[in-house]
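Listed here are the chains, written in short residue letters.
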Amino acid sequence: MSLTFAGNQLNLVVAQIAAGSDGVTATNVLESAMGVYNGATVDQVRGNLDNITVLASAARTTTQTQADQTNYNHRGIIVVLDVTNAGTGSVTLEIDGKDPVSGKYFALLTGAAVVSNSTNVYTVYPGNTVTSNVSASTVLPRTWRVKVTAGNSNSATYSVGAMLIL
Amino acid sequence: MTNVANIVTNGIAPPVYLVDASSGSPLTNTDGVVLLASGAVTANSNSVLLTNYVARGVKVYIAPGNFGSGASTITVTIQGFDPVSASYFTILQSASLTASTFAVLTVYPGIAVTANVSASDVLPRSWRVSWQASSWGTGGSTLGIAAALIL
């Protein structure tokens, strides 16, 4: 497809590619976006996503509970808890699913208490190796959140990032 | 053709048709992704940060060649990257590799787990490989690394 402007005229040229072709030059293909019906409306289809800030790096002394998040079309998630100044604090990360009908949350994966400076990776994905407090072989439901529970009232500095995987 | 990175950055759904590694391949497996062009390596280093648009896993092909005199064995590590904390984390590390011994690392959910060979895990959106040796030997050691992304 090309878009050119000549004089006062805007020209749009769209190449047509026969179905069943492989290896077609990318610039000759008209892209169309997919949507998925969610029971009420249509959602965009996403690719793998990262750089999702659950909690920006900061010193905290209390339990942090993320607002409900929507998983449109991903199967699982990787969450990274990066503790840069643990001090005498203690934090435990939990990835929760939610049943919107009852409003109840349920833990998909709960990490171990982190009490030292460290980068901690938690994975929820179907088929993954199951490691207690680290990874779970299950799926991420449409509504989810991350909760970081403070084990005491001492300050700890950390960030939480998330990556959604198809 | 709109670049996939722009599409996803702008929150627009990925396209139905994409065909090559240079622009991302949402609906097709991709191989021939060169992470390290074969040549003499003289120091520990890593690939550029790569973007996994829609794949679940990866195969990394490691092709050592001749090693320099005095070189040690080498290891190759697949790392994920968390952009929020700017931290890298290990997904899978190879065994100690010797000269001219081709090796394959596989990361994919649900596969059989073999230490230093395969991991039942997913590949995050941002990832890279790194290569390490305690000594690359006189004149360096030949190494090439490529990847295949699997939906």
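Bear in mind that the values here come from a model prediction, so they are computed numbers and not experimental data.

### Observations concerning the confidence of the model for chain B
Residues and elements named next belong to chain B.
Argument step 1. Per-residue confidence for chain B gives a mean pLDDT of 87, with 82% of residues at or over 70.
Argument step 2. Low pLDDT, under 50, characterises residues 1–25; the stretch is placed with 62 contacts to residues that sit more than four places away or in other chains.
Argument step 3. Across the assembled chains, the prediction reports ipTM 0.75 with pTM 0.80.

### Brief notes about the nonpolar core
Generally speaking, a soluble globular protein has its nonpolar side chains buried in company with each other.
Argument step 1. Core analysis: the largest hydrophobic core is formed by 36 residues, its most contacted members being B:Val60, B:Ile78 and B:Trp127.
Argument step 2. Setting aside anything within four residues of it in sequence, one finds B:Trp127 in contact with B:Leu35, B:Val48, B:Leu49, B:Leu50, B:Thr51, B:Asn52, B:Val58, B:Ile78, B:Gln79, B:Gly80, B:Ala147 and B:Leu149.
Argument step 3. Counting 26 residues, the second-largest nonpolar core is a separate cluster that includes A:Ile52, A:Val54, A:Val124 and A:Ala156.

### Describing the pattern of salt bridges
Residues and elements named next belong to chain A.
Argument step 1. Throughout the structure, instances matching the rule amount to four salt bridges over all chains.
Argument step 2. Its salt-bridge partner being arginine 142, residue aspartate 43 comes within 3.1 Å of it at the nearest N-O pair. Remark: arginine 142 occurs in the loop between β12 (135–136) and β13 (143–150) and aspartate 43 occurs in strand β4 (residues 42–44); sequence separation between them is 99 residues.
Argument step 3. A relative accessible area of 12% places aspartate 43 in the buried class.
Argument step 4. On the accessibility criterion, arginine 142 (36% relative accessible area) is partly exposed.
Argument step 5. Here lysine 98 ties to aspartate 68 by a salt bridge, and the two come within 2.6 Å at their closest N and O atoms. One end of the pair, lysine 98, is in strand β9 (residues 91–99); the other, aspartate 68, is in the loop between β6 (64–65) and β7 (69–70), and 30 residues separate them in sequence.
Argument step 6. You can call aspartate 68 partly exposed: its relative accessible area is 32%.

### Overview of the side chain of A:Ser90
Residues and elements named next belong to chain A.
Argument step 1. Structurally, serine 90 is set in the loop between β8 (76–85) and β9.
Argument step 2. The exposure class assigned to serine 90 is buried, which follows from its relative accessible area of 15%.
Argument step 3. Contact partners of serine 90, with chain neighbours within four places excluded, come to Ala113, Val114, Val115, Thr149, Ala150, Gly151 and Asn152.

### Description of unusual backbone geometry
Argument step 1. Positive phi, normally seen in glycine, also occurs at A:Asn51, with a value near 60°.
Argument step 2. As for its placement among the helices and strands, A:Asn51 is situated in strand β5 (residues 49–60).
Argument step 3. Taking relative accessible area as the criterion, A:Asn51 reaches 46% and is therefore assigned partly exposed.
Argument step 4. Located in the positive-phi region is B:Ser100, a residue other than glycine, with phi close to 55°.
Argument step 5. Within the element layout of this structure, B:Ser100 appears in the loop between β6 (87–93) and β7 (103–107).

### Observations concerning the sheet that holds strand β8 (residues 118–119) of chain B
Residue and element names in this part refer to chain B.
Argument step 1. Ordered in space as β1-β10-β4-β7-β8, the five strands form an open sheet in which the pairing is mixed. Every interior strand has two partners, whereas the edge strands, β1 (30–41) and β8, have only one.
Argument step 2. Where strand β4 (residues 57–64) lies against strand β10 (residues 141–150), eight bridges are found, and the strand directions are antiparallel. Looking at the pairing, valine 60 lines up with alanine 147 of β10.

### Observations concerning the pairing of strand β10 (residues 104–110) of chain A
Residues and elements named next belong to chain A.
Argument step 1. Strand direction decides the pairing type here: β9 and β10, joined by six bridges, are antiparallel. Looking across to β10, one finds that aspartate 96 is bridged to alanine 107.
Argument step 2. Remark: four residues form the turn of the hairpin made by β9 and β10, two consecutive strands paired antiparallel; glycine 103 in that turn has positive phi of roughly 75°.

### Comments concerning the environment of A:Asp68
Argument step 1. For the pair A:Asp68 and A:Ser137, spaced 69 residues apart in sequence, the C-alpha to C-alpha distance is 22 Å.
Argument step 2. Within the structure, A:Asp68 has its side chain in polar contact with the side chain of A:Lys98 (distance 2.6 Å).

### Section: the packing of aromatic side chains
Argument step 1. Under the counting rule described, the total for this entry stands at two aromatic pairs over all chains.
Argument step 2. Considering the side-chain rings of B:Tyr61 and B:Phe102, the 6.3 Å spacing of their centres and the 20° angle between planes classify their relative orientation as stacked. Here B:Tyr61 is found in strand β4, whereas its partner B:Phe102 is found in the loop between β6 and β7, with 41 residues between them in sequence.
Argument step 3. On the basis of an interplanar angle of 40° and a centroid distance of 4.6 Å, the ring pair of B:Phe81 and B:Tyr88 is categorised as tilted.
Argument step 4. Here A:Arg46 stacks its cationic end above the ring of A:Tyr72, 3.7 Å away from the centre of that ring.
Argument step 5. Seen from the ring of A:Tyr105, A:Arg145 lies directly overhead, with NZ or CZ sitting 3.4 Å from the centre.

### Considering the sheet that holds strand β14 (residues 156–165) of chain A
Consider a sheet: its strands pair through backbone hydrogen bonds, and that pairing is either parallel or antiparallel.
Residue and element names in this part refer to chain A.
Argument step 1. On the basis of which strands lie adjacent, the open sheet formed by five strands has the order β5-β14-β8-β11-β12 and mixed pairing. In this open sheet, the two strands that pair with only one neighbour each are β5 and β12.
Argument step 2. Of the strand pairs in this sheet, β5 and β14 are connected by seven bridges, and their pairing is antiparallel. The partner of alanine 58 across the bridge, within β14, is tyrosine 158.

Conventions used here
Residues numbered from 1 in each chain as written. Chains lettered and ligands numbered in written order. Predicted model: local features only at pLDDT ≥ 70, side-chain atom pairs only at ≥ 80, totals over all residues. Heavy atoms only, no water. pLDDT = per-residue confidence, 0-100. Contact = heavy atoms within 4.5 Å. Core = buried A, V, L, I, M, F, W, Y, C linked by side-chain atoms within 4.5 Å. Buried < 20%, exposed > 50% of the residue type's maximum accessible area, 1.4 Å probe, protein only. Salt bridge = Lys/Arg side-chain N within 4 Å of Asp/Glu carboxyl O. Helix = DSSP H or I, 4+ residues; strand = E, 2+ residues; numbered from the N terminus. Pairing = 2+ DSSP bridges. Polar contact = N/O pair within 3.5 Å; in protein donor to acceptor, adjacent residues only side chain to side chain. Phe/Tyr/Trp six-rings, centres within 6.5 Å; stacked < 30°, edge-to-face > 60°. Lys NZ or Arg CZ within 6 Å of the ring centre and 35° of its normal.

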